[in-house]
Amino acid sequence: MVLARCVAAVALCVPITVCQARGVKAVTVEQSGRTSNPADPLTRDACRNFTPTVDQLKRFFSRAAPIDGKFVAHDYYSPCHSSGTVSFPDGSSGTWRVYSSGTASLTWASNGNTVYLYNGRHNGWHDPFACSYGLHDEDDDASCYLPGF
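Every chain is numbered on its own, with residues counted from 1 as its sequence reads. Reporting in this predicted model follows two pLDDT cut-offs: at least 70 for local features of residues, and 80 or more for side-chain atom pairs to be given and counted; totals over whole chains, interfaces and linings ignore these cut-offs and use all residues. Calculation of side-chain values draws on the structure's entire complement of heavy atoms; hydrogens and water are dropped beforehand.

Colleague: Could you give an account of the nonpolar core, with specific residues and numbers?
Modeller: Throughout, nonpolar core names a set of buried Ala, Val, Leu, Ile, Met, Phe, Trp, Tyr and Cys residues whose side chains join them through atoms within 4.5 Å. Between buried and exposed lies partly exposed: a residue is buried under 20% and exposed over 50% of the maximum accessible area for its type, with that area taken using a 1.4 Å probe on protein chains only. Core analysis: the biggest nonpolar cluster contains 19 residues, and Phe-60, Phe-61, Val-86, Trp-96, Val-98, Leu-106 and Leu-117 have the highest contact counts within it. Note on conventions: DSSP H or I runs of at least 4 residues are helices, E runs of at least 2 residues are strands, and numbering of each starts at the N terminus. Only α3 (54–63), β3 (80–87), β4 (93–99), β5 (103–108) and β6 (114–118) provide two or more residues apiece to this core. Setting aside residues up to four positions removed in sequence, Val-86 forms contacts with Val-24, Ala-26, Val-27, Phe-61, Ser-92, Ser-93, Gly-94, Trp-96 and Leu-106. Membership of the second largest hydrophobic core comes to six residues, among which are Phe-71, Tyr-76, Tyr-99 and Tyr-118. By definition in these notes, contact holds between two residues if any of their heavy atoms fall within 4.5 Å.

Colleague: Would you mind going over the side chain of Ser-78 in detail, with residue names and values included?
Modeller: In this structure, Ser-78 sits in the loop between α4 (69–75) and β3. On the basis of relative accessibility, which here comes to 0%, the residue Ser-78 falls in the buried class. We call two N or O atoms a polar contact when they sit within 3.5 Å, provided that within protein one can donate a hydrogen and the other can accept it, with sequence-adjacent residues counted only if both atoms are side-chain atoms. Within polar-contact distance, the side chain of Ser-78 engages the backbone nitrogen of Cys-80 at 3.2 Å. Polar side-chain contacts of Ser-78 include one of 2.6 Å to the side chain of Ser-100.

Colleague: Summarise the sheet that holds β6; cite the residues concerned and give the values.
Modeller: Whether two strands pair depends on DSSP finding at least two bridges between them. Here we have six strands laid out as an open sheet, ordered β1-β3-β4-β5-β6-β2, and antiparallel in their pairing. Every interior strand has two partners, whereas the edge strands, β1 (26–35) and β2 (65–67), have only one. Geometrically, the sheet is characterised by an average inter-axis angle of 30° between neighbouring strands, direction not taken into account. One ladder, built from seven bridges, connects β3 with β4; its direction is antiparallel. Residue pairing in the sheet places His-81 in a bridge with Tyr-99 of β4. With respect to the sheet, α3 is in contact with β1, β2, β3, β4, β5 and β6, its orientation differing from that of β1 by roughly 105°. Fitted lines through C-alpha atoms serve as axes, helices being fitted only where they are in contact, and the angles separating the N-to-C directions of these axes extend from 0 to 180 degrees.

Pasting the structure below:
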């Protein structure tokens, strides 16, 4: 079981080179301030404020670490998202969707595989739902983030 987890971690990291700060060649933002729930006017209005800049997204992709997809879909789900493309100095590239919670999906152009990423701290963007995720303790702002990040 431990060996399987190590292999999975390496498989997630290889396309990004190494699971630590990495270079980002270019980021394009194709859509910003979107919501997964456009029928809800309150959510739609809140998500309009989620407009990460190219520099913020470069910092995000340079620091984000692989996570299990359940954190994107459940534990740290946010209806607010932006999407676009990213390329790295090694020539790899892909399409992304970044959520205001600091989670993301990245689909590699080379093989269509999708990895899930997280970097919830110091992104510089506005998260309309900050500290409303499942793990938050009312009296502890540090609990707004996944442990170890």
